[in-house]
Amino acid sequence: MNAIAELDAVNRQATTVRPRRINLWRPAWIMGVVASLLILAALHQWLGWPPGPAPNRDTGVLWPAFSLFSQAWASEDTLFNKEGIVHLVNEIVVRPVLNPELANMRWLPLVSLDAQGRIRFNQLRLPAKPGEGFTVLDETYYDPHGGRFSRVMTLKGKPIFANSFDGEAVYSLGLEPNGAVQVARDAIASDFNAPRSPAEFLGLAADIGIELDEKSKSMFSEAGEAELSDGSKGRVIKKAMKLGESVDTLINAYWLFTVRESDGTIAEREWFIGDQSMLLIRRMRVETVEKPAIAWNLSGIAGADVPTQAAPGVGITPDAVIPNASIQDMVAKADYETYIFATDPLWTVERQITDALDVASPPHRMSLVKYGARDGRHVVLVQSYTYNTTLGLMVKKGQVVYQSSDGFKVWSGTTDKWMAGILLQSAGYGMTDTLSDDRMGFILESPAGTFPALAINGKVSDEELRALVNSLVPARSYKGK
């Protein structure tokens, strides 16, 4: 998110303040770029659940890495379909990193199940001090006949996350302000219906599934072979998020997935920034047992009766992304003035609002309003605390191309198309098959001093752009549905 605001300070020559701005802003900028890469990957998946179909045979021939990973993701199901109760043990190894900003900002998308059988989208925070690392134990029991499960993550023997289902209720872990552990019980709804596959919320790559469609095949490439910790062989697949050439040349962030050759499942996934390994997730054991060591209702969870101080900052941010939010939700969660179009763009057919954690400025929230269009000219309006505090630095490099009677200014500059690509990708691939070469992006300056970002996946006329801006009203006073 900060990458948009700081692009000129890092990438353009020309001003005497440029060296000073780089020194002041670069740490925050790095953190913002990496956070953007992660939140984009999460939004791709979270805004389009459930996963799409596996690629067809032709795609497999043309994109072998994509085909291999798709098959490996689907093979995760086989781990849960066994006779007896399945016991899986994973490790999340947080690597020592010297850069303080990178060491502090690490996190993972983490899914859990709620009492309606819906996926809940959380953030697993994994900060560390520079040069220090740690290992989180991720342990799951699953009953393939009844769908019961219990999952607990622990650090230094202290629980930091738990989610389970005993057939009658869903249980989750909560932490009191003093660090004490409490388990919340929510009776299942009458229409409770768990996801079709346990791998969708318990698998090693549960957060990647939605990206396995035709539009994401270019993200995957082959990266050679590897030997796993048990000596078995694996094939390595690289998954890189593309945010445009400007970002790719400044920061190189990607995942490496190792697919076990013997059974075709995902054995490891490792996150890199350049040559620096940030964290490693690996499956240590898969077995069947007669009964779970962690009860289906989480009773007796280790450390539940004592304060937990496993590591400062490590823990869960629940509901990091809330899809299908209402305008009222957006207003209630934002700590700044938010806006909405009083009249939906005439060429669009549907509106969807997503409320998400502002990952560059937690605990603030951001909102993403997208309008799908049959002609491909989808509209995205993003508002966030980070944008409000950083985009003002960027607009002065551009020019005002329109000002409404209500006081909205429309700023345009040399990075419009690049920014539009990021915003449209953030809205999810379910919105559009491809990014238009004619896409347009603008930074809006509101009467309240906020800086919403607007992107359109195609060309609009001056009249259409002005009609859009003229239609903006404070979300708190919106009278429509």
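To start, this report covers the structure provided alongside it. As a convention, each chain's residues are numbered from 1 in the sequence order in which they are written. Reporting of local features is limited, given that this is a predicted model, to residues whose pLDDT is at least 70; pairs of side-chain atoms are given and counted only at 80 or more, and all residues count toward the totals for whole chains, interfaces and linings. For side-chain calculations, the full set of non-hydrogen atoms in the structure is used, while hydrogens and water are omitted.

**Observations concerning the pairing of strand β18 (residues 379–384)**
Note on exposure labels: buried denotes an accessible area under 20% of the residue type's maximum, exposed denotes more than 50%, and partly exposed covers the range between, all computed with a 1.4 Å probe on protein chains only. Under the DSSP-based scheme used, a helix requires at least four consecutive residues in state H or I and a strand at least two consecutive residues in state E, with every element numbered from the N terminus. Of all six residues that make up β18, six are buried, and the element is covered over most of its length. Neither face of β18 is open: one carries V379, L381 and Q383, the other V380, V382 and S384, and all of them are buried. Any two strands are treated as partners once DSSP identifies two or more bridges connecting them. Here strand β17 (residues 365–373) hands over to β18 after five residues, with G376 in that stretch at a positive phi of 85°. One ladder, built from four bridges, connects β18 with strand β22 (residues 453–456); its direction is antiparallel.

**Considering the pattern of salt bridges**
For this document, the term salt bridge refers to a Lys or Arg side-chain nitrogen within 4 Å of an Asp or Glu carboxyl oxygen. Applying the stated criterion across every chain, the model contains 15 salt bridges. Two residues, D355 and R365, come together in a salt bridge whose shortest N-O distance is 2.6 Å. Pair noted here: D355 is in strand β16 (residues 348–357) and R365 is in strand β17, with a separation of ten residues, a long-range link. Of the two residues, D355 and R365, both sit in the buried class. Three or more residues are tied together by salt bridges with common partners; here these are D375, R377 and E464.

**A word on the sheet that holds strand β20 (residues 409–412)**
One open sheet holds the ten strands; their spatial order is β2-β3-β14-β16-β17-β18-β22-β21-β20-β19, and the pairing between them is antiparallel. With partners counted over all chains shown, the strands left at the sheet margins are β2 (107–113) and β19 (399–403), one partner each. Strand-to-strand, the axes of this sheet are offset by a mean angle of 25°, without reference to chain direction. In terms of strand pairing, β16 meets β17 through nine bridges, oriented antiparallel. Opposite T354, over in β17, you have L368 as the bridge partner. Here an axis means a line fitted to C-alpha atoms, over the contact stretch when the element is a helix, while the angle between two N-to-C directions is reported on a 0 to 180 degree scale.

**Focus: the side chain of S150**
Mapped onto the secondary structure, S150 falls in strand β5 (residues 149–155). Of the polar contacts made by the side chain of S150, one reaches the backbone oxygen of I294; its length is 2.9 Å. In this analysis, two residues are considered to be in contact whenever any of their non-hydrogen atoms come within 4.5 Å of each other. Ignoring any residue separated from it by four or fewer positions in sequence, one finds S150 in contact with E139, T140, Y141, N163, S164, I294, A295, W296 and L298. By the criterion applied in these results, polar contacts are pairs of N or O atoms within 3.5 Å in which, for protein atoms, one can donate a hydrogen and the other can accept it, and in which residues neighboring in sequence qualify only through two side-chain atoms.

**As for helix α12 (residues 462–470)**
All buried positions along α12 are accounted for by L465, L468 and V469. Seen from one end, α12 has its buried residues packed into an arc of 95°, which puts them on one side. Of the surrounding elements, those touching the buried residues of α12 are β15 (339–341), β19, β20, β21 (440–445), β22 and β23 (472–474). Taken from the helix axis, the directions to the C-beta atoms give the arc we talk about.

**Quick notes on empty space enclosed by the protein**
The gaps left among the atoms become clear once a water-sized probe is rolled over them. Put simply, the grid is 1 Å and covers the protein atoms alone, a cavity is a trapped set of points that fit a 1.4 Å probe, a pocket is an open set with protein on both sides within 12 Å along at least five of seven lines, and lining residues have an atom within 4 Å of a point. Grid points are joined across faces, edges and corners, and a volume is the space filled by probe spheres set on the points. Under the definition given, this model contains four cavities of 30 Å³ or more. In this structure, the largest cavity spans a volume of roughly 190 Å³. Every residue lining the largest cavity is counted, 19 residues in all, and those nearest its centre are P109, L110, R151, G203 and L204. Looking at the lining of the largest cavity, the elements with two or more residues in it are β1 (85–94), β2, β5 and α6 (199–202).

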